[in-house]
Amino acid sequence: MRFFTFHLMPFNKLPEDFEEKYETAWTTVPNSLYDPVYGHELYNRFLDELIYAEEIGFDGVCVNEHHQSAYGHMPSPNLMGSILARQTKRVKIAVIGNALPFYDPPTRVAEEFAMIDVISGGRLIAGMVVGGGPEYYSFSMNPTYARSKYQEALDLIVRAWTEPGPFEHYGEHWKLRHVNPWPTPFQKPHPPIWIPGAGSKETIELVAERRYSYMGIPYFHKSFFKKNFDMFRKACQKNGYKAHEEQTGWLVPIYVAETDEQAWAEYEKHLFFFIKKLLKGLVVFPPGYSSPKSIARIGIALKQFLGNVTTREEIEEGGYAMVGSPETVREKMKDYVQDFGVGNVLGLFQIGTLPADLTKKNMTLFAEQVLPYLRKELGEPATDEELSQALAAN
Amino acid sequence: MNSVTESKFIDVRGKRTQITIGGEGPALIYLHSAGGEVEWTRFHEMLAQYFTVYLPAHPGFGDSRGLEDIHSITDYAWHYVDLLDVLELETVPVVGFSLGGWTAMELAILRPERISKMLLVNSAGIRISDAPMGELFSDDIEKLKSLLFYDPNSPVIEEAMPLSYEDNRILMWLKAREATARVGWNPYLHNPRLPDHLFRIPCPVRILWGNDDHLLPVETGKFLVDALPNATLEIFEKTGHMLPYEQAERFVEEVRKFLIN
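Residues numbered from 1 in each chain as written. Chains lettered and ligands numbered in written order. Predicted model: local features only at pLDDT ≥ 70, side-chain atom pairs only at ≥ 80, totals over all residues. Heavy atoms only, no water.

## Details of the overall build of chain A
Item 1. What chain A contains, in helices and strands, is 14 helices and 11 strands.
Item 2. A compact globule built from 394 residues should have a C-alpha radius of gyration of about 21 Å, and chain A, at 20 Å, falls within 12% of that.
Item 3. With respect to the three principal axes, the spread of C-alpha positions in chain A is 60 × 50 × 45 Å.
Item 4. Here chain A holds 394 residues, and the buried ones make up 61% of them.
Item 5. Within chain A, contacts between residues separated by at least 24 positions form 77% of all contacts whose residues are at least 6 apart in sequence.
Item 6. If the 41 positive side-chain charges of chain A are averaged to one point and the 49 negative ones to another, these points end up 4 Å apart. (Helix = DSSP H or I, 4+ residues; strand = E, 2+ residues; numbered from the N terminus. Rg over C-alpha atoms; globule rule 2.2 N^0.38 Å. Buried < 20%, exposed > 50% of the residue type's maximum accessible area, 1.4 Å probe, protein only. Contact = heavy atoms within 4.5 Å. Lys, Arg positive; Asp, Glu negative; His and termini not counted. Charge placed at Lys NZ, Arg CZ, Asp CG, Glu CD.)

Structure below.
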């Protein structure tokens, strides 16, 4: 069992009546709403929160990539990853991930990830993502090529990391005469690869086949998570091996306070800022981004999406967020982790407008009173060697 | 009255292509819109009273295969060059609605001698810089209704598109969106080179446009009537993008008048 602190780095100063006045927090949300002076404070505060995660005993920190959005204003997670590589000493740095189709040529990802891995002395977890739905609108990138570009880029990056250069690459989307990135990664054969997914069958099968790790994207009802993790384990079985539990991860908002009542009193409005404002207008699947069958399946699941949730009761019932006293949160999380069969918890400890002091208190209470209990009940983390052996030996 | 219709698959240069043929009279090719109206609808039936209507599904739409070999609207146009050969249609009139209108223009540029007359309905393919197009790739059904129809509460909407993920037409609709995105995501629903080639289309062209089309503004029709060598324009008041659904009788009458003298 491993524990990560995940940060979306939201831009959380929006007008009170944002949801009435604006259609979306994505793609076309006017950037006149952005305030760089406040942004300066935010970026530095959010980085401090990730650095603090190392001090209090988390196994790793996570950053991710979004463009033209208040939901997460971290268009380059590699910049954040490289800062963290210098400012932390022990934790894994999970950049989940780089949206491969947007890096042209994709060997840029091979280079930048290798830089972070070398600077950090081999602490990078390389997240490779197709890119969120809204990004295809933001960059006018044709989503019907999302999968084929992604696959070609992923293969090229792994090849660039494992096969001595220079070599030629003549693919459908990129024709490169001299592939020869400097530097190469610190970890051999390459950093662990994590792939987040919202439940596309295509992604689940790809991750299972390559023996990478699958991270469930949050905000869906718990039953949808469960189905996806089951589907992943089945896909691993089909590929002739048993999934290692640390091949899967569950990304979830967490808030711990002294009592259940206090937790909700402190958290609720910040969570609803996130739900009502920052999730507004999220287009999960542009046309052609996944097969029509996957889109139809997830389209139905979207009915039970956090963005449509309006009450605390629904949040508790659906497991959209883990909120309460240390006792409540650890019992809940133990059940969920066992039910899902996951080996990584990626906690969102800051969400929406949750301020610095409450975020820090939340993280501290979790690290002191929840994490040690879950580790004791659910098992120590596998070492890197154990994990790679388990996956190779099957 | 029901016309005799036949749905079948034909092989077009290796692409398995769904085609429905119905009616009696002179041949007419109907090239469908992004909405993917590849099933026989009310206005196809009305057209079939006067014409033998050929209704093919573009690759990627309906049960037509071959989207993996389509990378631009020109590939669709070449597909129709091949389809005319397979159907042994030497010269034929074409009715093209929206995406189908764009395809018809590209086809007429490649093979002007094969197209006798062309009727364009709220056609895609052209971008007018001061008349911005709407967002077809929204996944918000309510927004799409107001984008596409003059009356967002019109009962004809039910005919034209699924209204929820539970509708059994949803898979076909998602396929239609994927295929449209393949050729129309970027550049968005147009070919920046098309205006320079419109002079190559010598045949008579009748252009119909809904005055309240929020997807492809009526200014596009006004541009086309000037840019095409031999075109006339009819603007339908109180009509949106989905003109053949919204004004089926008038649409069919326009086709009949234009094609049968």
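Still to come is the rest of the account.
## Notes on the pairing of strand E1 (residues 5–12) of chain B
Item 1. Relative to strand E2 (residues 15–22) of chain B, E1 of chain B is paired through eight bridges, and the arrangement is antiparallel. Within E2 of chain B, the position partnered with Ile10 of chain B by the bridge is Thr17 of chain B. (Pairing = 2+ DSSP bridges.)

## Some points on the environment of Val207 of chain A
Residues and elements named next belong to chain A.
Item 1. Of note, Val207 is situated in helix H7 (residues 201–210).
Item 2. By relative accessible area, Val207 is classed as buried at 0%.
Item 3. A sequence separation of 10 residues divides Val207 from Gly197, and the C-alpha atoms of the two residues are 9.5 Å apart.
Item 4. Aside from chain neighbours lying at most four places away, what touches Val207 is Ile195, Tyr212, Ser213, Tyr214, Phe232 and Tyr241.

## Quick notes on the packing of aromatic side chains
Aromatic ring pairs are reported here in terms of the distance separating the ring centres and the angle at which the planes meet.
Residues and elements named next belong to chain A.
Item 1. Going through the model one piece at a time under the given rule, you end up with 36 aromatic pairs over all chains.
Item 2. Here the aromatic rings of Phe113 and Trp161 are separated by 6.5 Å at their centres, their planes lie at 40°, and the arrangement is tilted. Of this pair, Phe113 sits in helix H4 (residues 107–119) while Trp161 sits in helix H6 (residues 146–162), placing them 48 residues apart in sequence.
Item 3. Overall, Trp161 belongs to the buried group, its relative accessible area being 5%.
Item 4. The interplanar angle of 40° and the centroid separation of 5.1 Å between the aromatic rings of Phe285 and Tyr289 together place this pair among those described as tilted.
Item 5. Judged by relative accessible area, which is 8%, Tyr289 ranks as buried.
Item 6. Across from the ring centre of Tyr289, 5.2 Å away, lies the NZ or CZ of Arg147, which sits over that ring.
Item 7. A cation sits over an aromatic face here: Arg159 above Phe167, 3.7 Å from the ring centre. (Phe/Tyr/Trp six-rings, centres within 6.5 Å; stacked < 30°, edge-to-face > 60°. Lys NZ or Arg CZ within 6 Å of the ring centre and 35° of its normal.)

## Points about the interface of chain B and chain A
Item 1. Taken together, the 18 residues of chain B in the interface contact 22 residues of chain A.
Item 2. Linking chain B with chain A are one salt bridge, by the criterion used here.
Item 3. One salt bridge in this structure joins Glu23 of chain A and Lys143 of chain B, with 3.3 Å as the shortest N-O distance.
Item 4. Here chain B and chain A share 10 residue pairs in polar contact (both at pLDDT 80 or more) between them.
Item 5. For the side of chain B that touches chain A, the leading source of residues is helix H6 (residues 170–184) of chain B, giving eight residues.
Item 6. Per-class residue counts for the side of chain B that touches chain A are eight nonpolar, two polar and eight charged. (Salt bridge = Lys/Arg side-chain N within 4 Å of Asp/Glu carboxyl O. Polar contact = N/O pair within 3.5 Å; in protein donor to acceptor, adjacent residues only side chain to side chain. Nonpolar A, V, L, I, M, F, W, Y, C, P; charged D, E, K, R; others polar.)

## Comments concerning the nonpolar core
In summary, soluble globular proteins display a tendency toward joint burial of nonpolar side chains.
Item 1. One finds Met128 and Trp250 of chain A together with Phe251 of chain B to be the most contacted residues of the largest nonpolar core, which totals 241 residues.
Item 2. Top contributing element to this core by residue count: helix H13 (residues 356–378) of chain A, with 10 residues. (Core = buried A, V, L, I, M, F, W, Y, C linked by side-chain atoms within 4.5 Å.)

## Notes on empty space enclosed by the protein
Item 1. Summed over all chains, the structure comprises four cavities of 30 Å³ or more.
Item 2. In this structure, the largest cavity spans a volume of roughly 600 Å³.
Item 3. Forming the boundary of the largest cavity are 39 residues, of which His66, Gly131, Gly132, Pro196 and Ile217 of chain A lie nearest the centre.
Item 4. For the lining of the largest cavity, the elements supplying multiple residues, two or more each, are strand E3 (92–99), helix H5 (133–138), H6, strand E7 (193–197) and strand E8 (213–216) of chain A.
Item 5. When grouped by side-chain class, the residues that make up the lining of the largest cavity number 26 nonpolar, 10 polar and three charged.
Item 6. Along the wall of the second largest cavity there are 17 residues; nearest its centre are Ala34, Gly35, Leu136, Leu148 and Trp173 of chain B.
Item 7. Contributing elements (two or more residues each) for the lining of the second largest cavity: helix H4 (141–148) and H6 of chain B.
Item 8. Class assignment of the residues belonging to the lining of the second largest cavity gives a composition of 11 nonpolar, five polar and one charged. (1 Å grid on protein atoms, 1.4 Å probe; cavity = no way out; pocket = protein on both sides within 12 Å on 5 of 7 lines; lining within 4 Å. Points joined across faces, edges and corners; volume = space filled by probe spheres on them.)

## A word on the pairing of strand E11 (residues 344–348) of chain A
Sheet faces and side chains relate simply in a regular strand, where the side chains alternate between the two faces.
Residue and element names in this part refer to chain A.
Item 1. In terms of residue burial, E11 counts as a mostly covered element, since five of its five residues are buried.
Item 2. Of the two faces of E11, the one holding Asn344, Leu346 and Leu348 and the one holding Val345 and Gly347 are both buried throughout.
Item 3. Judged from the five bridges that link them, strand E1 (residues 2–7) and E11 form a sheet pairing that is parallel. From the neighbouring strand, Arg2 faces E11, where its bridge partner is Asn344.

## Re helix H3 (residues 77–87) of chain A
Residue and element names in this part refer to chain A.
Item 1. Taken residue by residue, H3 has Pro77, Asn78, Met80, Gly81, Leu84 and Ala85 as its buried positions. Buried residues of H3 fall within an arc of 155° about the axis and therefore sit on the same side. In H3, the exposed positions that point more than 90 degrees away from the buried face belong to Leu79 and Arg86.
Item 2. Against helix H2 (36–55), strand E2 (60–63), E3 and H4 lie the buried residues of H3. (Arc of directions from axis to C-beta.)

## A closer look at the packing of helix H8 (residues 222–238) of chain A against helix H10 (residues 292–301) of chain A
Residue and element names in this part refer to chain A.
Item 1. With their axes 11 Å apart at the nearest point, H8 and H10 run at an angle of 150° to one another. Here H8 lies roughly antiparallel to H10, going by the angle between them. In this structure, H8 contributes Phe224, Lys227, Asn228 and Met231 to the contact, and H10 contributes Arg297, Ile298 and Ala301. (Axes fitted to C-alpha atoms, helices over the stretch in contact; angles between N-to-C directions. Parallel < 35°, antiparallel > 145°, perpendicular 65-115°, else oblique.)

## Here we look at helix H9 (residues 260–278) of chain A
All names here are of chain A.
Item 1. End to end, H9 covers 25 Å across 19 residues, agreeing with the expected 27 Å (1.5 Å per residue, within 8%).
Item 2. Along H9, the sharpest kink reaches roughly 45°, centred on Tyr267.
Item 3. Those residues of H9 not exposed but buried are Ala263, Trp264, Glu266, Tyr267, His270, Leu271, Phe272, Phe273, Phe274, Ile275, Lys277 and Leu278.
Item 4. Next to the buried residues of H9 lie helix H1 (18–21), strand E9 (248–256), helix H11 (312–318), strand E10 (322–324) and H13. (Expected span 1.5 Å × (residues − 1). Bend = angle between axes of the 7 residues up to and from the residue.)

## With respect to unusual backbone geometry
Item 1. Of the consecutive residues Gly165 of chain A and Pro166 of chain A, the connecting peptide bond is found in the cis state with omega at -5°.
Item 2. Mapped onto the elements of the fold, Pro166 of chain A is located in the loop between H6 and strand E5 (167–170).
Item 3. The omega torsion across Asn186 of chain B and Pro187 of chain B is -5°, close enough to zero to call that bond cis.
Item 4. The residue Thr27 of chain A is not glycine, and still its phi comes out positive at about 60°.
Item 5. Along the polypeptide, Thr27 of chain A turns up in the loop between H1 and H2.
Item 6. Phi at Tyr219 of chain A is positive, roughly 85°, even though this residue is not glycine.
Item 7. For Tyr219 of chain A, the position within the fold is in the loop between E8 and H8.

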